[in-house]
Amino acid sequence: MSADTLSVSILPGVGPQRQRTLGLLGIETIADLLTYYPFRYEDRNAKAGRELADGARVTVRVTVDGMPGVKYRGKRASTTMVPVVTEDVRRLHAVWFNQPYVKDQLKPGRKMTITGKYDAKRRSISVAHHDFVVAGETVHSDRIVPVYEVKADITPKILRNLLAHAVKTYGEQVDELLPMILRQKYKLLDRCPALQQIHFPKDGEHLHQARRRLVFEEFFLFQLKLQAFRWLHRHEQPGVSHPIPEEALATFAERLPFAMTGAQRRVAGEIVRDMQSPVPMNRLVQGDVGSGKTVLAFLALYAAKVCGHQGALMVPTEILAEQHYRAAQELLEPLGCRVGMLVGSQKEKERRQVLAEMESGDVDVVIGTHALLEEGVRFRSLSVVITDEQHRFGVEQRSIFRQKGHAPDVLFMSATPIPRTLAMSVFGDLDVSVVDELPAGRQPIQTYWITPDKEERALRFIRGELVKGRQAYIVCPLVEESEKVEGVVNATALYEMLKDWFAGYEVGLMHGKLKAAEKEDVMRRFTKNEIQVLVSTTVIEVGVNVPNSTAMMVYNAERFGLAQLHQLRGRVGRGEHASSCILMSKPDTDAGLERMKAMVATQDGFVLAEKDLHLRGPGEFFGVRQSGIPEFKLGDLLQDAKIMEVARGEVQECLRAADFWTLPSYQPLVHYLKREKVLLQRAGD
Ligand code: ADP
Ligand code: MG
């Protein structure tokens, strides 16, 4: 049996209690323990007494040179002090706070290594309990020492001891996963020395090599799972082939009130090609806000209908569903498509009717919200499923949606642009199209960052836009007074104030707490220009399209993320008129300041995404749990993006090889896929 599956309970010193705590840290087997990586390292190579710098954290070898004394101040507080002498014969005091029990270990003549903060004036080192080691225990001192996340009765010292033991005893029994040929090609350490060095590195270079090898492995296995899954399904589960006639495409294009941009045409071609093939499409369409992704969705829906099937489009809000529904009706009904809508707030009667029509095939295209995912929702023949604003949905939801059809073609749309290289490598199983061109004639959006004392000037500017016949959005973070946060504007109060300010114009109020019918009504009136100023929370963040709106003002802009601000700003600049976006804020953090500067500096969503990624880190940026991207133990999507790309390419190569599943050198990978349940049973296994 390989060491990987042995329980940690076989380690000396691990009883039921510690086993439980280790379990809480996610460590159950020896393999879990060996891949429980340090989150940082500390250089505890001992220094000579004369090298100690004031205020620095230092490690030094000393001999106890006198009797320890303990002073108590009150019940709990105590100071334990003992004179010591360094190897180069400097006299110091070692000090422990609130640990009177260390006294017993401080026998004169005892040699030990201590780590702590050096105070030059007092000539003392204050030592934390776990940083006190008797000479010879080189796991904790006299080296680069690993620092781990710990919990309760698993102290840093205990964990380090467990790892030292595990590495020594089982380190050589771990399975090597990476084929020799790859290890040679990229000069990667073998797994065993890599694990040893990642925990107890000899020096910086060894640590670097160990990390490089293990990150490669982590990314390689991640890509292998993604791609193997897809590879298997490609051959076992043929999807729908849509033989879309050329004329149908031409008719569709003619119906559009504009000519598609080059980027739209290119992506349309990619979608059509995917749909013609019997291999299920699995494509992410990325395009900045306003790049015109909706028509691409409509094209795919239309193609499904032309080929005798149905298509569904899922969006995150009812406002957006409503808007797409109207647009789809306008564009597709003259082409013979029957369009339906399914949202949560519909009346039971309406809902039952739509459901019946979907099941009988009386509607060809359905636009809806999460309501589409419910149990009773069935289609006659659903061959295309599209998720707009895909980042708003969880992995599970997207998977349920897919299962409403039989191996349907799947399309995701996203305006939260993930930097290109990252998207390609992280979504190893997803094809990516980029709509990297805005429709012609778009006016740039001027972005201004102002402080709150300029509020009136900004409002006057917006009134100027209204005078010209345009409309405006005014966005703020909160809905109403009851949520009151000091200094943060709420929509209800702002609405009351602005009604007077914009006398002569109609001001509307929009937020998430309104009833669905109210929202719909406000939105419809804004679309028809019966409302000129819309005071809103971020519910209008995604997708809303009213081209006559040319001004946006955001209160407390410091409270929004970069991606969110960019999305909000995308509500203007959608028509032929020049637009402006005014961000009002007084950021009190560096990151907040950076966000404002970035917004003013660029309108390019990809640049902003990259910036956002750097400001927030990949975990938060992707909204890890939401998007289904795993958190890596060691790899950093940003710093190690290059390694991910290489791993992706190598996995592709591997899977392309006809003998991947049988060649002995790949067997550890095949076993890995079985263990991870990607590979269930294959004929001949
Ligand atoms: P997004 O990519 O943000 O979803 P939309 O699909 O909502 O963008 O499109 C934004 C606006 O641009 C809509 O009013 C749409 O009709 C218009 N539009 C889309 N493509 C073109 C084009 N090629 N030429 C002119 N206008 C276009
Ligand atoms: Mg959109």
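Look a little higher up for the structure.
Every chain begins its residue count from 1, and numbering advances along the sequence as written. Following the order in which they are written, the chains are lettered starting with A and the ligands numbered starting with 1. Under the rules for a predicted model, residues below a pLDDT of 70 receive no local features and side-chain atom pairs below 80 are neither given nor counted, while totals for whole chains, interfaces and linings still include all residues. Hydrogen atoms and water are omitted, and side-chain values are computed over all heavy atoms in the structure.

(A) How the structure looks around unusual backbone geometry. In the Ramachandran plot, Ala152 falls in the positive-phi region, its phi being about 40° despite a non-glycine side chain. Labels follow the DSSP assignment, with helices taken as runs of H or I lasting at least four residues and strands as runs of E lasting at least two, numbered in each case from the N terminus. Mapped onto the elements of the fold, Ala152 is located in the loop between strand 8 (144-147) and helix 3 (156-170). Located in the positive-phi region is Ala407, a residue other than glycine, with phi close to 45°. With respect to the secondary-structure elements, Ala407 resides in the loop between helix 12 (395-402) and strand 14 (409-414). Under the relative-accessibility criterion, Ala407 is labelled buried at 17%. In this scheme, a residue with accessible area under 20% of its type's maximum is buried, one over 50% is exposed, and one in between is partly exposed, where area comes from a 1.4 Å probe on protein chains only.

(B) Fine view of the site of ligand 1. We call a residue near a molecule or strand when any one of its heavy atoms sits within 4 Å of it. Taken together, 16 residues lie around ligand 1, and Gly290, Lys293, Thr294, Arg442 and Asn545 are the ones closest in. Between ligand 1 and the protein, one listed contact pairs an oxygen atom with a backbone N or O atom of Ser291 at 3.4 Å. Definition of a polar contact: a pair of N or O atoms within 3.5 Å, with one able to donate and the other able to accept a hydrogen when the atoms are protein atoms, and with sequence-neighbouring residues admitted only if both atoms are side-chain atoms. Take Arg574: an N or O atom from its side chain is 3.1 Å from an oxygen atom of ligand 1. Look at ligand 1: alone it shows 560 Å² of surface, and the protein chains cover 84% of it. Buried and open spaces are told apart on a 1 Å grid over the protein atoms alone, a cavity being a set of points where a 1.4 Å probe fits but cannot get out and a pocket being an open set with protein on both sides within 12 Å along at least five of seven lines. Residues with an atom within 4 Å of a point are the lining residues. For a cavity or pocket, the test is whether more than half of a molecule's atoms lie within 2 Å of its grid points; if they do, the molecule sits there. At a threshold of 2 Å from the grid points, most atoms of ligand 1 map onto the second largest pocket. Its residues assigned to classes, the shell around ligand 1 comprises 5 nonpolar, 7 polar and 4 charged. Every accessible area reported is derived by Shrake-Rupley at a probe size of 1.4 Å, with residue values counting cover from the shown protein chains alone. Residues are grouped as follows: nonpolar covers Ala, Val, Leu, Ile, Met, Phe, Trp, Tyr, Cys and Pro; charged covers Asp, Glu, Lys and Arg; every other residue, Gly included, is treated as polar.

(C) Geometry of the packing of aromatic side chains. Two rings from Phe, Tyr or Trp (for Trp, the six-membered ring) form a pair when their centres are within 6.5 Å of each other. A pair whose planes differ by under 30 degrees is stacked, one over 60 is edge-to-face, and the rest are tilted. What the rule picks out here adds up to 10 aromatic pairs. Ring plane angle 35° and centroid distance 5.5 Å describe the contact between Tyr186 and Phe216, whose orientation is recorded as tilted. With Tyr186 in the loop between helix 4 (180-185) and helix 5 (191-199) and Phe216 in helix 6 (residues 204-236), this pair connects stretches of sequence that are 30 residues apart. For Tyr186, a relative accessible area of 23% translates into the label partly exposed. Their ring planes at 35° and their centres at 5.0 Å tell us that Phe660 and Tyr666 sit as a pair that is tilted. With a relative accessible area of 12%, Tyr666 lands in the buried category. An aromatic cluster of three or more residues is present, and its members are Tyr186, Phe216 and Phe220.

(D) Here's a closer look at empty space enclosed by the protein. Grid points are joined across faces, edges and corners, and a volume is the space filled by probe spheres set on the points. One pass over the full model with this rule turns up 3 cavities of 30 Å³ or more. Space inside the largest cavity adds up to approximately 150 Å³. Lining the largest cavity we find 14 residues, and of these Val289, Leu438, Ile445, Gly570 and Gln603 sit closest to its centre. By residue class, the composition of the lining of the largest cavity is 4 nonpolar, 6 polar and 4 charged.

(E) Structural detail: the packing of helix 17 (residues 562-569) against helix 19 (residues 605-616). Simply put, an axis is a line fit to the C-alpha atoms, just over the touching stretch for a helix, and the angle between two N-to-C directions goes from 0 to 180 degrees. Following both chains from N to C, one finds helix 17 and helix 19 inclined at 155°, their axes separated by 9 Å at the closest point. Taken together, the axes of helix 17 and helix 19 are roughly antiparallel relative to one another. Here helix 17 contributes Leu562, Ala563, His566 and Arg569 to the contact with helix 19, which in turn contributes Gly605, Leu608, Lys611, Asp612 and Leu615. Tallied by class, residues from the contact of helix 17 with helix 19 come to 4 nonpolar, 2 polar and 3 charged. Any angle from 65 to 115 degrees is called roughly perpendicular, while one under 35 is roughly parallel, one over 145 is roughly antiparallel, and all others are oblique. Contacts are assigned to residue pairs with any non-hydrogen atoms lying within 4.5 Å of each other.

(F) Summary view of the state of the cysteines. Cysteine sulfur atoms are paired as a disulfide whenever they come within 2.5 Å of each other. Considering all chains together, one arrives at 0 disulfides under this definition. Between Cys307, a cysteine without a disulfide, and Cys337, which holds the nearest cysteine sulfur, the sulfur-to-sulfur distance is 11 Å.

(G) Looking closely at the sheet that holds strand 16 (residues 445-450). Across the sheet, which stays open at both edges, the 6 strands sit in the order 16-21-20-17-19-18 with parallel pairing between neighbours. The open sheet has two free edges, formed respectively by strand 16 and strand 18 (507-510), since each of these has just one partner strand. Ignoring which end each strand starts from, the neighbouring axes of this sheet average 15° apart. A pair of strands is labelled paired if DSSP reports no fewer than 2 bridges between them. Taken together, the 4 bridges between strand 18 and strand 19 (residues 533-536) define a ladder with parallel strand orientation. In the sheet register, Val507 faces strand 19, and the bridge partner there is Val533. Here helix 14 (residues 455-467) sits on the sheet in contact with strand 16, strand 17 (471-475), strand 19, strand 20 (549-554) and strand 21 (579-584), set at roughly 165° to strand 20.

(H) Just the environment of Arg91, in detail. Along the chain, Arg91 falls in strand 5 (residues 91-97). Each C-alpha atom of the pair Arg91 and Ile400 lies 70 Å from the other, and the pair is 309 residues apart in sequence. Those residues in contact with Arg91 that sit more than four places away from it in its chain are Asp65, Val84, Val85 and Arg123.

(I) Seen up close, the sheet that holds strand 9 (residues 282-287). Taken in spatial order, the 7 strands make up an open sheet running 11-12-10-13-14-9-15, and their pairing is parallel. A single partner strand is all that each edge strand has here, and the edge strands are strand 11 (339-342) and strand 15 (431-435). With direction set aside, neighbouring strand axes in the sheet form an average angle of 20°. For strand 9 and strand 15, the ladder comprises 5 bridges, and the chain directions are parallel. If you follow Leu284 over to strand 15, its bridge partner there is Val432. Sheet contacts for helix 9 (residues 294-306): strand 9, strand 10 (310-314), strand 12 (365-368), strand 13 (382-387), strand 14 and strand 15; angle to strand 10, the most-contacted strand, approximately 155°.

(J) Structural context of the layout of surface pockets. What the second largest pocket holds in volume is close to 1100 Å³. Lining the second largest pocket we find 38 residues, and of these Phe258, Thr294, Val295, Ala327 and Asn545 sit closest to its centre. Counting only elements with at least two residues in the lining of the second largest pocket, the list comes to helix 9, helix 10 (318-332) and helix 16 (516-527). Of the residues forming the lining of the second largest pocket, the biggest block, 7 residues, is contributed by helix 10. When its residues are assigned to classes, the lining of the second largest pocket shows 18 nonpolar, 11 polar and 9 charged.

(K) Inspection of the pairing of strand 21 at higher detail. When you tally the buried positions in strand 21, you get 6 out of 6 residues, the bulk of the element. A two-sided burial pattern is seen for strand 21, the buried positions comprising Ser579, Cys581 and Leu583 on one face and Ser580, Ile582 and Met584 on the other. Taken together, the 4 bridges between strand 20 and strand 21 define a ladder with parallel strand orientation. Bridge assignment links Met552 to a residue of strand 21, and that residue is Cys581. For crossovers, right-handed means that the path from the first strand over the helix to the second runs clockwise, given strands pointing away from the viewer. In this fold, strand 20 hands off to helix 17, which returns the chain to strand 21; that crossover is right-handed.

(L) Up close: the pairing of strand 5. When strand 4 (residues 77-86) meets strand 5, the two strands line up antiparallel, connected through 7 bridges. Bridging across to strand 5, Met81 finds its partner in Val95. The hairpin turn running from strand 4 into strand 5, its antiparallel successor, is 4 residues long, and Val89 in that turn takes a positive phi close to 55°.

(M) Molecular detail of the pattern of salt bridges. By definition here, a salt bridge exists when the distance from a side-chain nitrogen of Lys or Arg to a carboxyl oxygen of Asp or Glu is within 4 Å. Inspection of every chain in the model, using the stated rule, returns 32 salt bridges. One salt bridge in this structure joins Asp190 and Arg183, with 2.9 Å as the shortest N-O distance. Residue Lys499 pairs with Glu496 through a salt bridge whose shortest N-O separation is 3.4 Å. Here Lys499 and its partner Glu496 are both found in helix 15 (residues 491-501), 3 residues apart, which amounts to about one turn of the helix. Residue classification places Glu496 among the partly exposed residues on the basis of a relative accessible area of 43%.

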